[in-house]
Each structure stands twice: as structure tokens, then as C-alpha cells.
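# Observations on chain architecture
Chain by chain, the residues run as shown.
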Amino acid sequence: MSFVIGRGEGKQGSQTGNVPTGHLGSYRALDGSEGARLSLDLDGPHAMLIVGKRGYGKSYTLGVVAEELARSDGVAPVIVDPMGVFATLAEPAEGDSIPTTVLDRPTVTPSSLDPRSWCAMLGLSPESGAGGLVWRAAADDSTRTLEEMRLTVESTDAPVADRRAAINHLEFAASWDVFDADGLTAADLAGGEVTVVDVSGLDPAPMNAVARGVAEGLYRARIDGNVDRLPWLLIDEAHAFFRGIAEPALETILTRGRAPGVSLVAATQRPSAIPAVGISQSDILVSHRLTSRADLGALEDARPTYMQSTLAERMPTEPGEVVVIDDATETVHAVRIRQRATPHGGSSPRARDVVLEGSSK
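For clarity, every value in this text was computed on a predicted model and none was experimentally measured.

Each value, and the rule that gives it
- One numbering rule holds for all chains: residues counted from 1, following each sequence as written.
- Confidence filtering applies because this is a predicted model: local features only for residues at pLDDT of at least 70, side-chain atom pairs given and counted only at 80 or more, and all residues used for totals across whole chains, interfaces and linings.
- To get the side-chain values, all heavy atoms of the structure are used, and hydrogens and water are removed first.
- Helix numbers and strand numbers start at the N terminus; a helix is a DSSP run of H or I with at least 4 residues, a strand a run of E with at least 2.
- Using C-alpha atoms as the atom set, the radius of gyration is obtained and then compared with a globule rule of 2.2 Å times the number of residues to the power 0.38.
- Three exposure classes are used, based on accessible area relative to the maximum for each residue type with a 1.4 Å probe and protein chains only: buried under 20%, partly exposed in between, and exposed over 50%.
- In this description, contact between two residues means that some pair of their heavy atoms is separated by no more than 4.5 Å.
- Exposure was quantified through the Shrake-Rupley algorithm and a 1.4 Å probe, taking into account, for residues, occlusion by the shown protein chains and nothing else.
- Within this scheme the basic residues Lys and Arg register as positive and the acidic residues Asp and Glu register as negative, but His and the chain ends are omitted.
- Every charge is mapped onto a representative atom, which is NZ of Lys, CZ of Arg, CG of Asp or CD of Glu.
- Cavities and pockets were defined on a 1 Å grid built from protein atoms only: a cavity is a group of points that admits a 1.4 Å probe but offers it no way out, a pocket is an open group of points flanked by protein on both sides within 12 Å along at least five of seven lines, and a lining residue is one with an atom within 4 Å of any such point.
- Grid points are joined across faces, edges and corners, and a volume is the space filled by probe spheres set on the points.
- Each residue is assigned to one of three groups, with Ala, Val, Leu, Ile, Met, Phe, Trp, Tyr, Cys and Pro labelled nonpolar, Asp, Glu, Lys and Arg labelled charged, and all others, Gly among them, labelled polar.
- Pairing of aromatic rings covers Phe, Tyr and Trp, the last through its six-membered ring, and needs centres within 6.5 Å; plane angles under 30 degrees mean stacked, over 60 mean edge-to-face, and all others mean tilted.
- Note on criteria: charge over ring means Lys NZ or Arg CZ within 6 Å of the ring centre, with the direction from the centre no more than 35 degrees off the ring normal.
- For this analysis, a salt bridge means a side-chain nitrogen from Lys or Arg found within 4 Å of a carboxyl oxygen belonging to Asp or Glu.
- Pairing of N or O atoms within 3.5 Å defines a polar contact, subject to two protein rules: one partner must be a possible hydrogen donor and the other a possible acceptor, and residues neighboring in sequence count only if both atoms are side-chain atoms.
- When DSSP finds two or more bridges between a pair of strands, those strands are recorded as paired.
- All axes are obtained by fitting lines to C-alpha atoms, using only the stretch in contact for helices, and the reported angles, taken between N-to-C directions, cover 0 to 180 degrees.
- Only buried Ala, Val, Leu, Ile, Met, Phe, Trp, Tyr and Cys residues count toward a nonpolar core, and they belong to the same one when joined by side-chain atoms within 4.5 Å.

### Points about the overall build of the chain
Helix and strand counts for the chain come out as 13 helices and 12 strands. Here the chain has a C-alpha radius of gyration of 22 Å; the compact-globule value for 361 residues is 21 Å, and the two agree. C-alpha extents for the chain along the principal axes are approximately 75 × 60 × 40 Å. Counting the 361 residues in the chain, one finds 53% classified as buried. If you take every contact in the chain between residues at least 6 apart in sequence, the share linking residues at least 24 apart comes to 72%. For the chain, the computed accessible surface area is about 16,300 Å², with 47% contributed by carbon and sulfur atoms. In the chain, which carries 33 positive and 49 negative side-chain charges, the distance between the mean positions of the two groups comes to 4 Å.

As C-alpha cells, this is what we get:
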């Protein structure tokens, strides 16, 4: 029987039967050999943070979690992919294939962002003339498209300069091609397959807009009882979203997602850029190697009392090795992440590969 991360001590024996559990990796023995199997609880909602410096495997580990979710019943895994590296989940896998849908031109509905987010995204103060008009248009329940928002602004008796400025900003947002009345809904994302929302071709503002719409949509759908499966939202390079307009939706899942059953798995190479709530609310921390003093300090500030040594003292040294801090069982584990069943799309290109390819032509 393997140990199950995220499942309380009294429930460790409950991973038999149909209770979803994913294979995360194996214990790292002192002699370097592979130890007993370690699994991840996929039955209940979790807030999980995966950290590590570049090249040590955080995106790889995120892919492992996605593979296990795709093989489990009752969950709906969604990956927000800002680097374009998770489409490989759809490629042939060792053993069972991983059911995957890749959305390379994702759109969301304008109403998926609240008025404050619209103003923040467009760089407008809500107190300004143009900002107030955009706020009013976003708050109007009858506006489902950017064109309807523009008409709402035009129909006001505000000064011409303010209306022109607001319309110019809305037209700028329209140029991003990420807003559509028929954009992504929770029903589109709530299947059993992995849905990869590829935002790699977008600038930070529209990228955050899509992430905000996806996160907000999944949370609302569970609150309203519109989807049965439990959503798992996986976000790579999470610091880029916690510092953008997606942050409020992500923090809502972190602080209130447990009751409706919405999980968040955030991966980042810069934990110091994650707000404190993103670390303190995570019940599972998976740390690859870190060397930045700021990043180690951010994690040390939230180090639980049951962890007797510092995180720096437990820090792994090789790619694929992690230390796992599990708040559900109040335990710490030295683990080697299992191999991916699908190709890893996040490997760095090598000059020698170019040379080899050239010589073979």
C-alpha cells in the first residue's frame, strides 16, 4: 500500500476501490535507489503549489499530475498553458493514451470579467471619465459582446472625449480576439479529458483575461451546480497570473474552492512573486530545487511547525527530485517524480540537436 499525499492519516487505507488516486512518484532512498510508491489524492479538492528553478522539472511534474487526473473518474482537469508546452499530452503515450483537447485559440465571454477587472485590464481608473464608462458597460447585464459594450458607451450623455477614449480602449481589447459571446463555458471544460487552454501566443493582459474567465467560470459553475465533475485548474508560470487581473479569481479558488470542490495547482519558478495567500493556502507543496534567497525566504515564511528542519536543508539537488510538504498528514517526503507517459514539451532546445539534424539531411 502506497502513502497518499493529501489524504489524512486516518484515511490512508481508503485509496482502494474507486477512490481516485494518482501515481506521483517514489521515495528517494538514502542510497539513491527507488523506494516505495507515493501517490496523490485526487478524491477531494486541493490547493497545490509546485515550485522549482528553471530546468529542474516543475512543468514536467505539472504534466504528471495532468496525466493522473485524465485517468481518474469524477474530475475535470484544465491546464492554462502560457508556454505552449502541454499539447504533447495529446501525443501517443506509454500504456493508456491520455484523452486531451487542445484549444489553441481560446476565447471567453466579456461578462466573465467584472467591471473592476475590465478597468484594470485596460489601464483605466474607475474614477476617470473613460474608466467610469467602461465600468458601466461591463456592469450592464444586457451586454454580451464588445460591440454591445461600445453601443452602451455611445448611448450615454458623457462628454465626447470620455466616450471616445472608452471606445478606443474597447476596440483595443477587441483586437486581441479573446472575447466572444460564444466563448468558453464551464460545460466546455468539464469533461473527463485534459483540456489544454493554450495562451502562449497572447500578451499578458489578454492571457490574464482568458485565465480569469476560465477560473471564474469553473468556480461559478460548481457554486450553481451546473457541472458534476470536480474541476482541477492547473496553471503553469503562475506568477504571471497572480500579478495580473486573473489574481482575484485564483485567490477565490484558493480561499473558497474547497466547499464547491474546485482545486488549483499552480506551478512557478518564482514563489517570491506569488502572494502570501498563494503559499499559505496551499495544502500540498512540491518543491524542486531552488537557490534564490528570495524564493527560499517566501517558502520559509510559511514553513509549518511540524517541519523540524529548514526547507534549504531538505532541498533536492537533481532534476526530477522534490521535497513534498503535505499539510493533510503534516508530513514531509523526499520523492523522485515518476516518468511522464507522454512526451515532455518543456525541454530546452540544444545547439547539438540542430547540428545532428543538419548532418542527417
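### With respect to empty space enclosed by the protein
Evaluated as defined, the whole model comprises 1 cavity of 30 Å³ or more. The calculated volume of the largest cavity comes to roughly 30 Å³. Around the largest cavity sit Met48, Leu49, Phe242, Leu254, Leu264, Ala266, Gly278 and Ser282, which together line it. Those elements that provide at least two residues to the lining of the largest cavity are strand S4 (47-51) and strand S9 (263-268). Its residues assigned to classes, the lining of the largest cavity shows 6 nonpolar, 2 polar and no charged.

### Quick word on the packing of aromatic side chains
Throughout the structure, instances matching the rule amount to 2 aromatic pairs. Ring geometry for phenylalanine 172 against tryptophan 176: centres 5.2 Å apart, planes inclined by 70 degrees, an arrangement best described as edge-to-face. Against the face of tyrosine 60 rests arginine 340, its NZ or CZ located 5.7 Å from the ring centre.

### Some details on the side chain of aspartate 326
Its location among the elements puts aspartate 326 in strand S11 (residues 321-326). The side chain of aspartate 326 is buried and forms no salt bridge, while arginine 258, the nearest opposite charge, is found at 9.0 Å. A polar side-chain atom of aspartate 326 sits 3.1 Å from the main-chain amide nitrogen of alanine 328. The residues contacting aspartate 326, other than those within four sequence positions of it, are Phe3, Val4, Ile5, Gly6, Asp283, Ile284, Tyr306 and Thr331.

### Quick look at the pairing of S11
With 6 of 6 residues buried, S11 lies mostly within the body of the structure. Burial along S11 is two-sided: the face carrying Glu321, Val323 and Ile325 and the face carrying Val322, Val324 and Asp326 are both buried. Relative to S11, strand S10 (residues 284-287) is paired through 4 bridges, and the arrangement is antiparallel. Looking at S11, one finds that serine 287 is bridged to valine 323. By the bridge criterion, 6 bridges tie S11 to strand S12 (residues 331-337) in an arrangement that is antiparallel. The partner of valine 322 across the bridge, within S12, is valine 335. Here S11 hands over to S12 after 4 residues, with glutamate 330 in that stretch at a positive phi of 55 degrees.

### Details of the sheet that holds strand S2 (residues 21-28)
Across the sheet, which stays open at both edges, the 12 strands sit in the order S1-S3-S2-S12-S11-S10-S4-S9-S8-S5-S7-S6 with mixed pairing between neighbours. Every interior strand has two partners, whereas the edge strands, strand S1 (3-5) and strand S6 (100-103), have only one. In this sheet, adjacent strand axes meet at a mean angle of 25 degrees when their direction is disregarded. Here 4 bridges tie S4 to S10, and the two strands are oriented parallel to one another. Across the sheet, the residue bridging to leucine 49 is leucine 285, located in S10. Along the sheet, helix H9 (residues 247-256) contacts S4, strand S8 (230-235) and S9; its crossing angle with S9, the most-contacted strand, is approximately 125 degrees.

### With respect to the pattern of salt bridges
The full count for this structure, using the stated rule, is 14 salt bridges. For arginine 150, the salt bridge goes to glutamate 154, with nearest N and O atoms at 2.6 Å. Taken together, the residues span about one helical turn, with arginine 150 and glutamate 154 both in helix H4 (residues 146-154) at a distance of 4 residues. On the accessibility criterion, arginine 150 (19% relative accessible area) is buried.

### Description of the nonpolar core
Counting 70 residues, the largest nonpolar core has Trp118, Phe179, Leu233 and Phe241 as the members making the most contacts within it. The greatest single-element share of this core, amounting to 9 residues, is contributed by helix H7 (residues 204-224). Excluding residues that lie within four positions of it along the chain, tryptophan 118 makes contacts with Pro110, Leu113, Val134, Ala138, Leu146, Met149, Leu170, Ala173 and Phe179. Leu38, Leu40, Trp232 and Val286 belong to the second-largest nonpolar core, a separate cluster that totals 32 residues.

### Thoughts on unusual backbone geometry
Phi is positive for aspartate 177, close to 60 degrees, though the residue is something other than glycine. One can find aspartate 177 in the loop between helix H5 (160-174) and helix H6 (186-189). One non-glycine residue with positive phi stands out, namely glutamate 237, at about 50 degrees. Note on placement: glutamate 237 falls in the loop between S8 and helix H8 (239-242).

### A short note on H9
If you check which residues of H9 are buried, you get Ala249, Leu250, Thr252, Ile253 and Leu254. The elements touched by buried residues of H9 are S4, H7, S8, H8, S9 and helix H10 (276-280).

### Some details on the pairing of S2
Pairing of S2 with strand S3 (residues 34-41), which is carried by 6 bridges, proceeds in the antiparallel orientation. In the strand pairing of S3, arginine 28 is matched with glutamate 34. With 3 bridges joining them, S2 and S12 adopt antiparallel strand pairing. Residue pairing in the sheet places glycine 25 in a bridge with isoleucine 337 of S12.

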